[in-house]
Amino acid sequence: MAPLQLLAVFAASFIFMQTLGNSQTCLDCFVHSRAAHYPNSEEKGTETGSCGFGTFGATINGGDVSAASDLFRNGLGCGACYQVRCTNSNYCSDKGVTVVITDQGAGDRTDFILSKRAFARMAQTTDAAASLLSFGVVDIEYRRVSCSYPDKNITIKIEESSDNPHYLAFVIWYQQGKKDITAVQLCETQNFVCKLLDRTRGAVWTTTSPPRGPLQIRMLLSVDDGDETWVVAVNNIPENWKAGDTYDSGIQVDA
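Throughout what follows, the structure given in this document is the object of discussion. The model shown is predicted, which means the values in this text are computed figures rather than measured ones.

## Let's talk about the overall build of the chain
Phase 1: Each helix and strand counted, the chain has four helices and 15 strands in total.
Phase 2: Each of the 255 residues in the chain was classed as buried or not, and the buried ones make up 46%.
Phase 3: Taking all contacts inside the chain whose residues are at least 6 apart in sequence as the whole, residues at least 24 apart take part in 68%.
Phase 4: Carbon and sulfur atoms form 51% of the exposed surface of the chain, whose accessible area is close to 13100 Å².

## Describing the side chain of Asp180
Phase 1: Looking at the element boundaries, Asp180 is found in strand β9 (residues 180–188).
Phase 2: Of the residues examined, Asp180 reaches a relative accessible area of 4% and is grouped as buried.
Phase 3: Polar side-chain contacts of Asp180 include one of 2.8 Å to the side chain of Arg73.

## Let's talk about the state of the cysteines
Phase 1: Enumeration over the complete set of coordinates arrives at four disulfides.
Phase 2: Bridging Cys51 to Cys78, the disulfide has an S-S length of 2.1 Å. Across the S-S bond of Cys51 and Cys78 the torsion is about -90 degrees, and the bridge reads as left-handed. Of this pair, Cys51 sits in the loop between β1 (31–37) and α2 (56–59) while Cys78 sits in the loop between β2 (65–68) and β3 (81–86); the two residues are 27 residues apart in sequence, bridging distant segments of the chain.
Phase 3: By relative accessible area, Cys78 is classed as buried at 3%.
Phase 4: Disulfide pairing is shown between Cys86 and Cys92; the S-S distance is 2.0 Å. Residues Cys86 and Cys92 are joined through a disulfide that is left-handed, its torsion about the S-S bond being -120 degrees.
Phase 5: When its relative accessible area of 6% is taken as the criterion, Cys86 is described as buried.
Phase 6: Described in terms of the sequence order of its bonded cysteines, the disulfide pattern of the chain is 1-2, 3-6, 4-5, 7-8.

## Section: the sheet that holds β9
Phase 1: As summarised here, the arrangement of the four strands in space is β10-β9-β13-β14, forming an open sheet in which the pairing is antiparallel. Sheet topology places β10 (194–196) and β14 (228–232) at the edges, where each strand pairs with a single neighbour. Recorded for the sheet is a direction-independent mean angle of 25 degrees between the axes of neighbouring strands.
Phase 2: Bridge count between β9 and β10: three bridges; the pairing is antiparallel.

## Re the sheet that holds β2
Phase 1: Strand order around the closed barrel formed by six strands is β1-β5-β2-β4-β3-β6, with mixed pairing between neighbours. Direction aside, neighbouring strands of the sheet carry axes that sit 45 degrees apart on average.
Phase 2: Relative to strand β5 (residues 112–114), β2 runs antiparallel, the two sharing three bridges. Looking at β5, one finds that Ala68 is bridged to Phe112.

## A short note on the side chain of Thr155
Phase 1: When you line up the elements, Thr155 lands in strand β7 (residues 155–158).
Phase 2: Residue classification places Thr155 among the buried residues on the basis of a relative accessible area of 11%.
Phase 3: In contact with Thr155, other than residues within four places in its own chain, are Val171, Ile172, Trp173, Tyr174, Thr246 and Tyr247.

## Section: empty space enclosed by the protein
Empty pockets left among the atoms are what a rolling probe the size of a water molecule brings to light.
Phase 1: Counted according to the given criterion, the structure contains three cavities of 30 Å³ or more.
Phase 2: Approximately 70 Å³ is the volume found for the largest cavity.
Phase 3: In terms of lining residues, the largest cavity is bounded by Gly75, Leu76, Cys78, Ile172, Gln175, Ile181, Arg199, Ala203 and Trp205.
Phase 4: Looking at side-chain class alone, the lining of the largest cavity contains six nonpolar, two polar and one charged residues.
Phase 5: Both domains that meet at the lining of the largest cavity, namely domain 1 (31–144) and domain 2 (154–251), each give it at least three residues.

What counts as what
Sequence order as written defines residue numbering, which begins from 1 separately in each chain. Owing to the predicted nature of the model, reporting of local features is limited to residues with pLDDT of at least 70; listing and counting of side-chain atom pairs is limited to 80 or more, with chain, interface and lining totals taken over all residues. Hydrogens and waters are ignored; side-chain quantities use all the structure's heavy atoms. Comment: elements are numbered from the N terminus, with helices defined as DSSP H or I runs of at least four residues and strands as E runs of at least two. With a 1.4 Å probe rolled over the protein chains alone, any residue whose accessible area is under 20% of its type maximum counts as buried; one over 50% counts as exposed, and the rest are partly exposed. Working rule for contacts: check all heavy atoms of both residues, and any pair within 4.5 Å makes them a contact. Note on areas: these come from Shrake-Rupley sampling with a 1.4 Å probe, and a residue is covered only by the protein chains present in the view. What qualifies as a polar contact is a pair of N or O atoms within 3.5 Å, subject to a donor-acceptor requirement within protein and to the restriction that residues adjacent in sequence count only when both atoms come from side chains. Cysteine sulfur atoms are paired as a disulfide whenever they fall within 2.5 Å. Two strands qualify as a pair provided DSSP detects at least 2 bridges between them. Lines are fitted to the C-alpha atoms to define the axes, a helix being fitted only along its stretch in contact, and any angle between axes, read from their N-to-C directions, falls within 0 to 180 degrees. Space inside and on the surface of the protein is sampled on a 1 Å grid over the protein atoms alone, with a cavity defined as a set of points where a 1.4 Å probe fits but cannot get out and a pocket as an open set with protein on both sides within 12 Å along at least 5 of 7 lines; lining residues have an atom within 4 Å of a point. Grid points are joined across faces, edges and corners, and a volume is the space filled by probe spheres set on the points. Gly is placed with the polar residues, together with every amino acid not listed as nonpolar (Ala, Val, Leu, Ile, Met, Phe, Trp, Tyr, Cys and Pro) or charged (Asp, Glu, Lys and Arg). Domains are outlined according to an automatic or database domain assignment.

Right, dumping it as structure tokens:
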């Protein structure tokens, strides 16, 4: 191959690798936006969030939670974690706060409506927090980060509307990592017949005529680049499952 051709091939390869590296790096880039906080007097989140988490949605992550607008993604964004930091250096810390999406909502060109606790935790000091809260809406930058609950496994909470054996609805607590739960299957443990569940609202998965016997839960974890992984719970949902009960899956997901 001629020297000029070799040079052209090298240059093209260098540009491709640089572009690839930049696209991978930008998966962790901050996005500029705005954030508000819940207007009520509650420091933590709401118990009636659109994700269907109930009281859990107000207290998870110590109450550092948020409603999201576009990032709600018809419920797919429920349980996702974001690092959010305000940009006014007079008041705001470099670290910001990590929040969990538990609700849907939008304000004045905002992507997030934070709990008051989370909103204040973006500040450098207590006095700065009071100033931020008085502003109501601030400029921010955010990025998705991995959710981490070191002492918790993914947990299944059976909805009160469930009726064994006719109807089963549940939400998934302590979603970990940076991937979305895009599908859920319930499988009979004896004959391995599986049924794909419906996401009816937020993070609530439902099925009529659920499979019988002890049930194995399988979750499809996905990311935007198309990577998908089925994760199988270690512990089964027992045959005599009851509305209101919680069941430990026995697994954590770090990716």
